[in-house]
Amino acid sequence: MTKNYYDVLGVDKSASKTEIKKAFRGLAQKYHPDKKDGDEKKFKEINEAYTVLSDDKKKQQYDTFGSADAGAGFGQGGMGGFDFSGFGGAQQGGFGGAGGFDFEDIFDMFGGGSRSDKTRQQRGTDIEVELKISFEESVFGTKKTIKIEKDIECKECGGTGAKDKKTKKCSKCNGVGSTVETRQTIFGVSQVRVTCSECHGLGKIPEKKCSVCAGKGIIRSKEDIDIKIPAGVETGSVLRVSGGGNATFGAQAGDLYLHIVVPQNSKFIKDGDNINSKIKISISDAVLGGIKKVEAIDGEVKVKVPAGISDGDNLKVKGYGFKKPNGKRGDMILKVKIDIPTKISKKNKKLFEELKKAGF
């Protein structure tokens, strides 16, 4: 009878790849044959189920026909009969090709840590900075130079930490950049390759230490960074400057993240690619229409006010909004405010009374 792979892993048929992988990892730890209470037969079933359900094509075939012709993935040698070729990645035709699970996952699962992590250089730390720009700068974009105190590469030794940039082979790792350590894992005693603590993975050390950075290759200093701010950014926008963060010895620098803050403007409000503002007109302008001058982000602009406009209506001024990625600009939307005087002269009052009699 065909096994129900979903029952084997204890997941629903609708489970995601992440849920399937999580279930596999938990069961694999529980039933691994090298554990005291392990179960090789159960572990084999778990492996078989995961091989099928983590592969889209095999999973589809299994869901349709109840079989995916999945191999057991176990051999006769090593670790209580467990064949690690099943975890060998895409080249091996194992989990790496099926569902993105490789030997590094299983190695990490049982306490050894990922092999690549042991030899990978750590990148420098990131820096986050708040950057205030004006409303006008947010409309058109701008260039700024900011000064940041951070860890930078020592210019005296070029980041080598060596006087006159002269280095020699690291005696601890024999120039390899990594060493082997013996560790106790769930498998028993195992050997793990780690980054050499003496040369930090470079395979070489200074003949004589640089006097400026004391052999660290890194110094703390203030540095000017040129920033190009694109048009259309607003408060909450985050710009990333690759390599603009803290440098670290023998590895890539971190990144710089700029958190943009655009103070509120008393006259203009961003609305997508448009700019909202107001236009104040007189009663006569509202009735008769006319041409009014208003302040735009570019300067003064003439606006045609149609006759019969009402208080609260909107006027659109094309091309006076935010600059778009395609180079075109949004619009300026003006909300009409009819200015009704609270005090008028006797002459004007008489005129209004005559208009009122005429039905206006």
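Residue indices follow the written sequence of each chain, beginning from 1 at its first position. The model is predicted, so local features are restricted to residues of pLDDT at least 70 and side-chain atom pairs to those at 80 or more, both for listing and for counting; the totals for chains, interfaces and linings are taken over all residues. The side-chain figures draw on all heavy atoms in the structure; neither hydrogens nor water molecules are used.

Engineer: Teacher, can you tell me more about the overall build of the protein chain here?
Structural biologist: In this description a helix means any DSSP run of H or I spanning at least four residues, a strand means any run of E spanning at least two, and both kinds are numbered starting from the N terminus. Scanning the protein chain from N- to C-terminus turns up ten helices and 15 strands. Think of it in three bands: residues with accessible area under 20% of the maximum for their type are buried, residues over 50% are exposed, and the middle band is partly exposed, with areas taken using a 1.4 Å probe on protein chains only. Counting across all 360 residues of the protein chain, residues that qualify as buried make up 36%. Any pair of residues with heavy atoms lying within 4.5 Å of one another is described as a contacting pair. At a minimum sequence separation of 6, the contacts of the protein chain that also span at least 24 residues come to 61%.

Engineer: Which parts of the structure should I look at to understand the sheet that holds strand β8 (residues 238-241)?
Structural biologist: Remark on secondary structure: sheet strands pair via backbone hydrogen bonds, oriented parallel or antiparallel. Between any two strands, at least two bridges found by DSSP are needed for them to pair. An order of β1-β9-β8 is seen for the three strands of this open sheet, with the pairing classed as mixed. Both edges of this open sheet fall to β1 (127-132) and β8, since each of them pairs with a single strand only. Averaged over all adjacent pairs, the angle separating strand axes in this sheet is 25°, with direction ignored. Examined bridge by bridge, β8 and strand β9 (residues 256-261) share four bridges and lie antiparallel to one another. Note on method: axes are straight lines fitted to C-alpha atoms, helices fitted across the in-contact stretch only, with angles between N-to-C directions ranging 0 to 180 degrees.

Engineer: What is the right way to look at a nonpolar patch on the surface in this model?
Structural biologist: Patch membership needs two things, relative accessible area over 30% and no salt bridge, and members are linked within 9 Å if like-charged or within 5 Å if nonpolar (Val, Leu, Ile, Met, Phe, Trp, Tyr). To measure how exposed things are, a 1.4 Å probe is used in the Shrake-Rupley method; for residues, cover is taken only from the protein chains shown. Counted as salt bridges are all cases of a side-chain nitrogen of Lys or Arg within 4 Å of a carboxyl oxygen of Asp or Glu. Residues I344, F352, L355 and F360 make up a contiguous nonpolar surface patch of about 420 Å² in total accessible area. The topology assignment puts F360 in the segment after α10 (346-357).

Engineer: Whenever I open this one, the confidence of the model for the protein chain confuses me. Can you help?
Structural biologist: Note: predicted coordinates in regions of low pLDDT should not be interpreted at a detailed level. Confidence scores labelled pLDDT are given residue by residue by the predictor and lie between 0 and 100. Mean pLDDT over the protein chain works out to 81, with 82% of the residues at or above the 70 mark. Confidence, read as mean pLDDT per element, is least for helix α5 (residues 95-98) in the protein chain (39) and greatest for strand β14 (residues 314-317) (96). Below pLDDT 50 for its whole length, residues 70-120 participates in 106 contacts with residues either more than four positions away or in separate chains.

Engineer: Help me out: how do you make sense of unusual backbone geometry in this one?
Structural biologist: Residues other than glycine predominantly adopt negative phi, and peptide bonds predominantly adopt the trans conformation. Positive phi, close to 60°, is recorded for K165, a residue that is not glycine. Relative to the assigned elements, K165 resides in the loop between β2 (142-153) and β3 (167-169). Phi angles above zero are rare outside glycine, and A214 is one such case at about 60°. Here A214 falls in the partly exposed class, since its relative accessible area comes to 47%.

Engineer: Looking at this structure, how should I read the environment of D151?
Structural biologist: The residue D151 is located in strand β2 in this model. For D151, a relative accessible area of 24% gives the class partly exposed. When the C-alpha atoms of D151 and G217 are compared, they prove to be 10.0 Å apart, with 66 residues separating the residues in sequence. Dropping the residues within four chain positions of it, D151 is found in contact with I218, I219, R220, G245, N246 and A247. Here a polar contact means two N or O atoms within 3.5 Å. Within protein one must be a hydrogen donor candidate and the other an acceptor candidate, and residues neighboring in sequence count only if both atoms are side-chain atoms. A polar atom in the side chain of D151 sits 3.2 Å from the side chain of R220.

Engineer: Explanation requested: the pattern of salt bridges in the structure shown.
Structural biologist: Close approach of charged atoms lets side chains of opposite charge pair. Across all of its chains, the model carries twelve salt bridges by this definition. Across the salt bridge formed by R220 and E149, the nearest N and O atoms sit 3.9 Å from each other. You can see R220 sitting in strand β7 (residues 218-229) and its partner E149 sitting in strand β2, a full 71 residues away along the chain. A salt bridge links R329 to D298; the nearest nitrogen and oxygen atoms lie 2.7 Å apart. Note that R329 is positioned in the loop between β14 and β15 (332-339) and D298 in the loop between β12 (290-296) and β13 (299-305), a separation of 31 residues in sequence. Here the salt bridges share partners, and the residues they tie into one network are R123, D126, R240 and D255.

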